[in-house]
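Tertiary structure, described
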Amino acid sequence: MGDTDGSSDAAQRAQSDTDMTKPSKSGGFLSRVIGALSPNDNDDASSDMPALRPQSHGMINLRRLRVEDVAVPKADITAVADTVSLDELVQVFKESGYTRLPVFEGTLDTPIGFAHLKDVALQHGFNGGAANFDLRARLRPLLFVPPSMTIGVLLTKMQTERRHMALVIDEYGGVDGLVTIEDLIEQVIGEIEDEHDVDEGVLFTREKTGCYLAVAKTPLKEFEAEIGVSLTTHDDVDEEEIDTLGGLVFMLAGRVPARGEVVLHPDGPQFEVIDADPRRIKRMRVRLTGPEPAE
């Protein structure tokens, strides 16, 4: 800024949670990453896959960077209280786009586990209103790590314990941040694109009428030409100081907004931050309120 169910659910969870971390006989990617931390493992001639070099930039990151260098700050963590209703929980999943949400009792400094979207969907679906909803019964255990731990050690720990999320705990036992296994892997191989990412070389795509997925570096004038609407005519926006959609959202918010945050334009459009770090916005979803120009 972590995973308890019946036997059938546990079997399904084991299958799902090990897809990324389970080493294959030929040497899975994570196994090779971990192996790169131990020179002796790199000499394994039985692997069909080329070993990753410890001298590479990614391997250096594994040894040099600490958990606190890559974790999402506490203020930006999306979490829910243990008293949340099913309807409210489903809404948070929808708005944040996350599949795992830390659950706390009272405050975030008292985490008790995390809720997995798959568990909720398999048990209750997405219609909400379940009378027998018990979030605590569906929680999975969390992984707690100190901020000084190197990301290479944490990656090994996550693989060993088959966890995809960890909370960073400070010296007083409070929550200091959150880190996912994807955050760690990106330090080795670069940013991982998912199904919601804009294709390389494409600055924005239309998801449906009045809704676009765009990267923050999209030139503002180019996007305005696409939607047929000016986003810089309002008094709160100084068009002389911004050139990109990310710059516009930064100006409207007055800061770097967090992932999942929705920034409103005075004229109606909404900018939902899909991906960001503490220093910059990366991707966003733009929802227009007025009609689009004719095709």
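Residues numbered from 1 in each chain as written. Predicted model: local features only at pLDDT ≥ 70, side-chain atom pairs only at ≥ 80, totals over all residues. Heavy atoms only, no water.

As named in an unreviewed UniProt entry, the chain is Magnesium/cobalt efflux protein, taken from Tateyamaria omphalii. Quoted verbatim from the Sequence similarities (unreviewed entry) heading of the UniProt record, the comment on the chain is "Belongs to the UPF0053 family. Hemolysin C subfamily." (UniProt positions renumbered as here; feature names shortened; annotations may be inferred.)

With respect to the sheet that holds strand β11 (residues 270–277)
Hydrogen bonds between backbone groups are what pair the strands of a sheet, and the pairing can be parallel or antiparallel. Pairing is antiparallel in the open sheet, where five strands are placed in the order β8-β9-β12-β11-β10. With one partner strand each, in any of the chains shown, β8 (204–208) and β10 (262–264) form the two edges of the open sheet. On average, each strand axis in the sheet is tilted by 25 degrees relative to the strand beside it, whichever way the strands run. Note: β11 against strand β12 (residues 280–287), seven bridges, orientation antiparallel. (Pairing = 2+ DSSP bridges. Helix = DSSP H or I, 4+ residues; strand = E, 2+ residues; numbered from the N terminus. Axes fitted to C-alpha atoms, helices over the stretch in contact; angles between N-to-C directions.)

A look at the confidence of the model for the chain
Caution applies to low-pLDDT parts of the model: their predicted coordinates are not meant to be read in detail. When pLDDT is averaged along the chain, the result is 75; 68% of the residues meet or exceed 70. For residues 1–27, every residue scores under 50 in pLDDT, and the model assigns this stretch 61 contacts once sequence neighbours within four places are set aside. Here residues 37–55 is modelled with pLDDT under 50, and outside its nearest four sequence neighbours on either side it reaches 28 contacts, counting other chains as well. (pLDDT = per-residue confidence, 0-100. Contact = heavy atoms within 4.5 Å.)

Concerning helix α6 (residues 117–124)
Those residues of α6 lying buried are D119, V120 and H124. The buried residues of α6 occupy an angular sector of 95 degrees when projected down its axis, which confines them to one face. Packing partners of the buried residues in α6 comprise α5 (86–96) and β4 (111–116). (Buried < 20%, exposed > 50% of the residue type's maximum accessible area, 1.4 Å probe, protein only. Arc of directions from axis to C-beta.)

Digging into the packing of α5 against α6
Interaxial distance between α5 and α6 falls to 11 Å at its minimum, and their mutual angle equals 135 degrees. Viewed along their axes, α5 and α6 adopt a mutual orientation that is oblique. At the point where α5 passes α6, the crossing takes the left-handed sense. From α5, L86, L89, V90 and F93 reach across to α6, where they touch L117, V120 and H124. Of the residues in the contact of α5 with α6, the class split is six nonpolar, one polar and no charged. (Parallel < 35°, antiparallel > 145°, perpendicular 65-115°, else oblique. Left-handed = near helix turned anticlockwise from the far one by under 90°. Nonpolar A, V, L, I, M, F, W, Y, C, P; charged D, E, K, R; others polar.)

Points about the sheet that holds strand β5 (residues 143–145)
Read from one edge of the open sheet, four strands run β1-β7-β6-β5, paired in mixed fashion. With one partner strand each, in any of the chains shown, β1 (72–73) and β5 form the two edges of the open sheet.

Structural notes on the nonpolar core
Residues F223, L231, L245, F271, M284 and V286 are the most contacted members of the largest nonpolar core, which totals 20 residues. Put simply, the parts of the chain that give this core at least two residues each are β9 (211–215), α9 (220–227), α10 (245–253), β11 and β12. Those residues in contact with L245 that lie beyond four places of it in its chain are A214, A216, T218, L220, F223, L231, F271, M284 and V286. Counting residues in hydrophobic clusters, the runner-up holds 19 residues, among them V67, A71, M158 and V188. (Core = buried A, V, L, I, M, F, W, Y, C linked by side-chain atoms within 4.5 Å.)

Structural notes on unusual backbone geometry
Peptide bonds are mostly trans, and most non-glycine residues show a negative phi. Not every positive phi belongs to a glycine, and R162 is a case in point at roughly 55 degrees. The exposure class assigned to R162 is partly exposed, which follows from its relative accessible area of 46%.

Concerning the pairing of strand β3 (residues 100–104)
Most of β3 is tucked away: five of the five residues are buried. Alternating residues of β3 divide into R100, P102 and F104 and L101 and V103, and every residue in both groups is buried. Pairing geometry for strand β2 (residues 80–81) and β3, over two bridges, is parallel. The residue of β3 that forms the bridge with V80 is V103. In the sheet, β3 pairs with β4 via five bridges, with the strands oriented antiparallel. Within β4, the residue paired with R100 across the bridge is H116.

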